[in-house]
Amino acid sequence: MNFKLVLRITGFTLFIEAAAMLVPMGVALGHGESPLPFLSSILIILAAACVPVFLLKPKHQDFFAREGFFTVGLIWVLFGAFGALPFWFSGQFGPYIDCFFETISGFTTTGATILTAIEGLPMGLLFWRSFTHWLGGMGVLILTAALLPFLGISSNFLIRAESPGPVKSKLVPRASQSSKILYSIYLALTVLEALLLRVAGMNWYDAVTHAMSTAGTGGFSGRNASVGAFGSPAIEIIITVFMLLFSVNFTVYFLILTGRAKQALKSDELRFFLIMVAVSVAAIAWNIRDVYATVGDCVRYAAFQVSSVVSTTGFSSANYDLWPEFSKMLLVVLTFIGACAGSTGGGIKCSRILILIRSAHREVRSIIHPRSVSVVRLDGAPLSERTLHTTQCYFLINLFLVFGMAVVVGLDNFSFTTTLTAVITCISNVGPGLDMVGPAGNFAAFSVLSKLVLSFAMILGRLEMYPVLVLFSGSAWKRS
């Protein structure tokens with residue numbers, strides 16, 4: 001393990017976090033608020049980052065898969081630890097564990113909150129809260145990967161460890177160029193949504209913060225009632241559309257921009273995702289037909305909530321915890337599945353679900369026709385047995401961790417629904433669950449142990465298990 005290089009990259013990334021805090025500090029100054037929580041945090045982060053960047057000199061620049069996974073896991077933990085400082089210094093967010101939970105929820109784009117009252121908090125802090133979604137959505141490490149070539153370090157293994165999905169691919173041969181393309185698309189969609197929300201009636205502050213939360217598929221809102229507080233169908237429709245847009249693999253947009261729209265639309269995962277969303281909206285709209293007065297309201301609320309959950313954004317326009325059990329169960333299933341690979345969304349990912357379904361179909365065929373030879377394909381290309389094995393292991397590890405962490409969180413003695421959906425929504429990076437942690441609830445009542453476990457679940461879900469698990473592997477700490 002090249003520890004000096006790992007720590008140097010980590011320190012370099014902390015410089016990015018310190019620079020990012022200048023934006024909410026400017027917002028705080030613009031609204032006549034104290035900049036001290038941000039200024040103090042920036043100075044501490046800079047002091048911590050300078051040591052590995054300027055004092056550690058790696059003997060070589062070797063950076064392989066092990067270093068990549070280890071670096072990614074370490075950076076996300078440290079980003080949450082230092083990113084919590086403005087909340088802690090402000091005195092508005094309670095003890096440090098609550099600040100850490102809120103920040104991890106922000107950077108992992110989960111949207112779970114410990115706040116019982118949001119409106120009235122300093123606008124600079126609420127801006128930082130939404131900004132963490134935007135930074136974490138595309139991935140802090142994707143941004144870092146775009147800048148690492150300036151240090152003479154290859155970013156291929158960093159991209160591999162950060163990127164979500166069972167199959168890793170680059171848009172162009174150089175990983176740093178791929179990162180720049182991704183961030184350009186990401187920024188353009190964010191700006192477009194903010195402009196549309198402003199036209200629809202939001203003020204600039206709300207438009208920008210909600211656009212950042214949507215882009216990161218995080219769901220932090222500056223209103224207690226989330227998007228429902230605006231009472232505007234136009235705003236709900238705009239956010240619904242963009243939640244779905246950010247749920248799609250960004251490779252699709254790259255292909256469309258480069259004149260390969262037909263190839264983009266042939267994506268098996270995209271088709272599966274769109275069909276799943278359409279069927280879910282129709283089923284829930286039918287199921288809640290007695291809850292709302294018109295068919296239009298049923299479809300609008302169903303479309304918004306399905307888009308919010310499947311994209312793992314976590315916004316709410318209505319308290320779906322009061323909906324019929326069928327609708328709530330379907331939303332929990334969508335929480336597990338999540339968005340497309342290569343998007344800003346969380347969950348298991350549609351591509352993995354599709355691979356699991358096709359793998360199961362192949363096994364059934366092999367029982368009926370033992371001598372037949374068949375392969376599992378995605379987008380027409382055959383998948384290796386290693387990819388199938390990795391996907392199956394990921395699914396099993398996910399289930400094992402969900403139930404294992406639910407047992408620990410169960411020590412708080414809350415209801416089964418609260419406990420299980422709290423873990424599911426955190427590891428899937430959705431935010432709200434059901435019962436106490438529903439769209440009208442929060443995570444404030446959980447114990448320190450449970451908040452640590454749920455924070456760990458959020459990081460596991462955002463990094464798709466393996467980079468974090470590498471931190472706990474003894475062999476990863478060996479130098480050889």
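Calculation rules
- Residues numbered from 1 in each chain as written.
- Predicted model: local features only at pLDDT ≥ 70, side-chain atom pairs only at ≥ 80, totals over all residues.
- Heavy atoms only, no water.
- Phe/Tyr/Trp six-rings, centres within 6.5 Å; stacked < 30°, edge-to-face > 60°.
- Buried < 20%, exposed > 50% of the residue type's maximum accessible area, 1.4 Å probe, protein only.
- Helix = DSSP H or I, 4+ residues; strand = E, 2+ residues; numbered from the N terminus.

Caption draft 1: Just the packing of aromatic side chains, in detail. Going through the model one piece at a time under the given rule, you end up with 22 aromatic pairs. Residues phenylalanine 87 and phenylalanine 93 carry aromatic rings whose centres are separated by 4.2 Å and whose planes lie at 25 degrees to one another, so their mutual orientation is stacked. Judged by its relative accessible area of 1%, phenylalanine 87 falls in the buried class. With a centroid separation of 4.9 Å and 25 degrees between ring planes, the pair formed by tryptophan 134 and tyrosine 186 is classed as stacked. Of this pair, tryptophan 134 sits in helix H7 (residues 123-138) while tyrosine 186 is found in helix H10 (residues 175-199), placing the two residues 52 residues apart along the sequence. Given a relative accessible area of 13%, tryptophan 134 falls into the buried group. Of the aromatic side chains, those joined through ring pairs into one cluster are Phe79, Phe107, Phe127, Trp128, Phe131, Trp134, Tyr186, Tyr205, Phe242, Phe246, Phe250 and Tyr253.

Caption draft 2: Representation of unusual backbone geometry. One non-glycine residue with positive phi stands out, namely threonine 312, at about 60 degrees. By the secondary structure assignment, threonine 312 is in the loop between helix H16 (295-310) and helix H17 (325-337). Although it is not a glycine, lysine 349 sits at a positive phi angle of roughly 95 degrees. In this structure, lysine 349 sits in the loop between H17 and helix H18 (350-368).

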